[in-house]
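# A look at the structure
The lines below spell out each chain.
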Amino acid sequence: MTGGNPRPKKAHVITFGCQMNVADSELLSGILREKGLDLIGSPDEADLIVVNTCTIRRKAEDKAYSQMGRLMKMKSRRGPVPLVAMAGCVAKKEGRDLLRRFPGLDIVLSPGRVPRVGDLLDRRLETGQAVVDIGDRPAGAVEASPVRKSEVKAFVNIMHGCDNHCAYCVVPAVRGPEVSRPPGDVLEEVTELADRGYGEVTLLGQNVNSYGKGLDEAIDFPGLLERLDKRSGMERLRFTTSHPKDFDSRLVGAIRDLPSVCEAVHLPVQAGSDRVLRAMNRKYGPGEYRDKVNLLREAVPGVRISTDIIVGYPGETEGDFTATWELVKETRFVSLFAFKFSPREGTAAARLEDDVPGAEKDRRLQAILDLQRGISREINEGMVGRVEEVLVEGPSKTDPGMMTGRTRGNQVVNMPGKQGLRGRLRPVEINGAGTHCLMGRFVGKAGEK
Ligand code: 5AD
Ligand code: SF4
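Report on the accompanying structure. Since this is a predicted model, take the numbers as computed values, not measurements.

### Some details on the sheet that holds strand β15 (residues 387-395)
In space, the 5 strands of this closed barrel follow the order β15-β16-β17-β19-β18, with mixed pairing throughout. Sheet twist, expressed as the mean angle between neighbouring strand axes with direction ignored, is 50°. Examined bridge by bridge, strand β16 (residues 402-407) and strand β17 (residues 412-416) share 5 bridges and lie antiparallel to one another. In the sheet register, methionine 402 faces β17, and the bridge partner there is proline 416.

### Describing the state of the cysteines
Overall, the coordinates contain 0 disulfides when judged by the stated rule. Between cysteine 162, a cysteine without a disulfide, and cysteine 166, which holds the nearest cysteine sulfur, the sulfur-to-sulfur distance is 6.4 Å.

### What to know about helix α12 (residues 318-331)
Here α12 contains 14 residues, and its C-alpha end-to-end distance of 20 Å stays within 8% of the 20 Å for a straight helix at 1.5 Å per residue. Buried within α12 we find Asp320, Phe321, Thr324, Leu327, Val328 and Thr331. Angularly, the buried residues of α12 cover 120° about the axis, an arc narrow enough to put them on a single face. Where α12 is buried, its residues contact α10 (274-279), α11 (286-299), β13 (304-311), β14 (335-340) and α13 (358-381). Note on α12: the residue one or two positions beyond its end, arginine 332, has a positive phi of about 55°.

### A few points about the sheet that holds strand β10 (residues 200-204)
Spatially, 3 strands are ordered β7-β10-β11 in an open sheet, and the strand pairing comes out parallel. Of all the strands in the sheet, the pair left with one neighbour each is β7 (153-157) and β11 (236-240). Adjacent strand axes in the sheet meet at a mean angle of 25°, parallel and antiparallel pairs treated alike. One ladder, built from 5 bridges, connects β10 with β11; its direction is parallel. Bridging from a neighbouring strand, leucine 204 pairs with threonine 240 of β11. Against the sheet, helix α7 (residues 183-195) makes contact with β7, β10 and β11, and its axis sits at roughly 170° relative to β7, the strand it touches most. Of the strands in this sheet, β10 and β11 are in contact with helix α8 (residues 221-231), which crosses β11 at around 160°.

### Looking at the site of ligand 2
Close contacts around ligand 2 come from Cys18, Asn21, Cys54, Thr55, Ile56, Cys89, Val171, Arg175 and Gln206, and that covers them all. Along the lines of polarity and charge, the residues of the shell around ligand 2 split into 5 nonpolar, 3 polar and 1 charged.

### Points about the site of ligand 1
Looking at ligand 1, the residues that line it are Ile56, Arg57, Tyr168, Gln270, Asp308, Ile310, Phe339, Lys340, Phe341, Ser342 and Arg344. Separating a nitrogen atom of ligand 1 from a backbone N or O atom of tyrosine 168 is a distance of 3.1 Å. A distance of 2.6 Å separates an oxygen atom of ligand 1 from a polar side-chain atom of aspartate 308. Protein contact buries 85% of the 400 Å² of open area that ligand 1 shows by itself. Taken together, the residues of the shell around ligand 1 break down into 5 nonpolar, 2 polar and 4 charged.

### Quick word on the pattern of salt bridges
Pairs may arise between side chains of opposite charge once their charged atoms sit close together. On inspection of all chains with the given rule, the structure shows 47 salt bridges. When the shortest N-O distance is used, the salt bridge between arginine 148 and glutamate 189 registers 2.7 Å. Of the two residues, arginine 148 is situated in the loop between β6 (131-133) and β7 and glutamate 189 in helix α7; the sequence distance between them amounts to 41 residues. Of the charged contacts, one joins arginine 275 and aspartate 320 as a salt bridge, the two residues approaching to 2.4 Å between their closest N and O atoms. Taken together, the residues span a long stretch of sequence, with arginine 275 in helix α10 and aspartate 320 in helix α12 at a distance of 45 residues. Its relative accessible area of 44% is what places arginine 275 among the partly exposed residues. Here aspartate 320 falls in the buried class, since its relative accessible area comes to 8%. Overlapping salt bridges, with partners in common, bring together Glu316, Glu318, Glu360, Arg363 and Arg364 in one network.

### Focus: empty space enclosed by the protein
Scanning all chains against the criterion turns up 1 cavity of 30 Å³ or more. If you go around the largest cavity, the residues you meet are Ala23, Glu26, Glu143, Ala144, Ser145, Arg148, Phe155, Val156, Asn157, Arg181 and Glu189. Sorting the residues of the lining of the largest cavity by element identifies α1 (19-34) and β7 as the ones contributing at least two each. A per-element tally of the lining of the largest cavity places β7 first, with 3 residues. In the lining of the largest cavity, the residues fall into 4 nonpolar, 2 polar and 5 charged.

### A closer look at the packing of aromatic side chains
For the structure shown, the criterion picks out 6 aromatic pairs. Judged by centre distance (6.0 Å) and plane angle (35°), the ring pair of tyrosine 65 and phenylalanine 102 falls under tilted. Residue tyrosine 65 is found in helix α2 (residues 58-78), and its partner phenylalanine 102 is found in the loop between α4 (97-101) and β5 (107-109); the two are separated by 37 residues along the sequence. Its relative accessible area of 10% is what places tyrosine 65 among the buried residues. The interplanar angle of 85° and the centroid separation of 6.4 Å between the aromatic rings of tyrosine 168 and tyrosine 313 together place this pair among those described as edge-to-face. Note that tyrosine 168 is positioned in the loop between β8 (159-160) and α6 (171-175) and tyrosine 313 in the loop between β13 and α12, a separation of 145 residues in sequence. Residue class for tyrosine 168 comes out buried when judged on its relative accessible area of 10%. Taken together, Tyr168, Tyr313 and Phe341 form an aromatic cluster joined through their ring pairs. Positioned over the ring face of phenylalanine 339 is arginine 57, at 3.6 Å from the centre of the ring.

Reading guide: rules and limits
- Residues numbered from 1 in each chain as written.
- Chains lettered and ligands numbered in written order.
- Predicted model: local features only at pLDDT ≥ 70, side-chain atom pairs only at ≥ 80, totals over all residues.
- Heavy atoms only, no water.
- Pairing = 2+ DSSP bridges.
- Helix = DSSP H or I, 4+ residues; strand = E, 2+ residues; numbered from the N terminus.
- Axes fitted to C-alpha atoms, helices over the stretch in contact; angles between N-to-C directions.
- Disulfide = S-S within 2.5 Å.
- Expected span 1.5 Å × (residues − 1).
- Buried < 20%, exposed > 50% of the residue type's maximum accessible area, 1.4 Å probe, protein only.
- Arc of directions from axis to C-beta.
- Contact = heavy atoms within 4.5 Å.
- Near = heavy atom within 4 Å.
- Nonpolar A, V, L, I, M, F, W, Y, C, P; charged D, E, K, R; others polar.
- Polar contact = N/O pair within 3.5 Å; in protein donor to acceptor, adjacent residues only side chain to side chain.
- Areas by Shrake-Rupley, 256 points an atom, 1.4 Å probe, with all protein chains shown as cover.
- Salt bridge = Lys/Arg side-chain N within 4 Å of Asp/Glu carboxyl O.
- 1 Å grid on protein atoms, 1.4 Å probe; cavity = no way out; pocket = protein on both sides within 12 Å on 5 of 7 lines; lining within 4 Å.
- Points joined across faces, edges and corners; volume = space filled by probe spheres on them.
- Phe/Tyr/Trp six-rings, centres within 6.5 Å; stacked < 30°, edge-to-face > 60°.
- Lys NZ or Arg CZ within 6 Å of the ring centre and 35° of its normal.

The quantities given are spatial measurements derived from coordinates; they are silent on function.
This is how it looks when you write it as structure tokens:
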């Protein structure tokens, strides 16, 4: 008995949220393909739709719900087809309650249960009942996906969960405690990607600097980088995210000394006020943050540093905000993501009064974004005339006549022509700059077209 649903043949996966969700969606897609489903690019023809959701801020969660609302309408038009699965962080947070909110929902699965999506689908088809599984990731579960969004660069999880408990953040509640993957498994996955021709891997974790805790083997994150640099054959390694409290001279040394480790660090500062950082439970102050940035810049000249900022944290005064604004002005990040504080149920900050008015949050957000726009443009303009190593990713989405790629510093460059260079590392002369990307031309090897 299949509860009215024949075994689905075509699946469509919709992804919201961070790179971990992108990686989970790839794994989901890979498992579904191995079960014989075709992966298709639109929901209209699909008989299984998976929505991989994010709950980091209210807006992200609202997006997931409107998407689900649209799918439920479509489902009531099309009968029992398509099967709809809700995955990711909203699924973990809300669990079984989602079945009340969306009575047509077939499967609810947490990020930890992504490796089991095939079994959950079977269970749904066998029982005809909705299936809810919001458990944690089973130890040793499959991680490497045969399906990847890109043939040039890939995400590789090195750990799951987070033990930090920043006062505003829902991640520890939805992704569980920190668990590192054994280094041998990571090395195997990265080596396999290098053998398949991938040129770049981004190692993923909520706080990669604490990699290694709880493993049988004594290894830390710089140790993992060293092993991958020496043994995997991968040309470029990146990682995200680093927590400033654990960012230390050993990691700086690894970025400086290991040829494959790119000179780009995402180091979320969140705020520039000591008081606000303390209230956020970040465990560093603005002075310590500045010292670490200086240490990194001295050891690795030209390193590109990006960050995240939260404005309008409970109790953030005009003076606190000015401290953030000044830190951003001084540090000269290559880019940043800025967010308005959004209270998340179950976090310590949700118990505080959300006292910065909405219009004031908007103004602070805009002020940070305006400031950064000018800085990004200046940094980019300063690169005109330089030759940068670019990993060519393929035709640009906005202009198929152009190829697009990234520098080692993780800056996007668009270049005319040369389709055949996809996946290759090439020298590119920068000859134009915007706020978010660079323009360039291949100046590569003699005789190459
Ligand atoms: N409100 C606003 N921004 C948040 N972030 C995390 N939690 C919240 C929240 N409750 C931001 C942080 C983090 C990024 C991924 O999202 O800046 O670094
Ligand atoms: Fe990623 Fe956090 Fe959003 Fe979950 S809640 S998808 S971990 S950003």
